[in-house]
Amino acid sequence: MKDYIEKRAIMLAYYILEHNTTVRAAAKEFGFSKSGVHKDVTTRLEEIDPILATDVKAVLEKNKAERHIRGGIATKQKYEQQRLLSR
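Overview of the structure. In this text, all values refer to a predicted model and were calculated from it rather than measured experimentally. (Residues numbered from 1 in each chain as written. Predicted model: local features only at pLDDT ≥ 70, side-chain atom pairs only at ≥ 80, totals over all residues. Heavy atoms only, no water.)

## Concerning helix 4 (residues 50-85)
In an α-helix, one full turn covers 3.6 residues, which means residues spaced three or four apart are oriented alike.
(1) Moving on: Helix length check: helix 4 (36 residues) gives 50 Å between terminal C-alpha atoms against 52 Å at 1.5 Å per residue, within 8%.
(2) Moving on: Considering bend angle alone, the principal kink of helix 4 is centred on E66 and spans about 45°.
(3) Moving on: When helix 4 is considered as a whole, its buried residues turn out to be L52, A53, V56, V59, L60 and N63.
(4) Moving on: Taken together, the buried residues of helix 4 touch helix 1 (3-19), helix 2 (23-30) and helix 3 (34-48). (Helix = DSSP H or I, 4+ residues; strand = E, 2+ residues; numbered from the N terminus. Expected span 1.5 Å × (residues − 1). Bend = angle between axes of the 7 residues up to and from the residue. Buried < 20%, exposed > 50% of the residue type's maximum accessible area, 1.4 Å probe, protein only. Contact = heavy atoms within 4.5 Å.)

Quick look at the structure:
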């Protein structure tokens, strides 16, 4: 694996851990694709640093478990805003 890919995977992993963020948010912050970030922090990171990969996996699993809640909140805000604008 190329050196810059390893550095990128580690950088993304630390960002996700420090900010307790999603793959989507990390991708947006660094200007990478979501699929690339996901590949870096799951597959590639396990080869580079298995302990760090385990920590990141825990954050990603938590985010996955909570995503339906975030979606519901976003939908609620959308309809509340539409209701306020239609008055």
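## Digging into the packing of aromatic side chains
(1) Moving on: Enumeration over the complete set of coordinates arrives at 2 aromatic pairs.
(2) Moving on: On the basis of an interplanar angle of 85° and a centroid distance of 5.1 Å, the ring pair of Y15 and F30 is categorised as edge-to-face. Taken together, the positions of Y15 in helix 1 and F30 in helix 2 put the pair 15 residues apart, joining distant regions of the chain.
(3) Moving on: When the ring of F30 is compared with that of F32, the centres are 6.3 Å apart and the planes differ by 15°; the resulting orientation is stacked.
(4) Moving on: For F30, a relative accessible area of 29% corresponds to the partly exposed category. (Phe/Tyr/Trp six-rings, centres within 6.5 Å; stacked < 30°, edge-to-face > 60°.)

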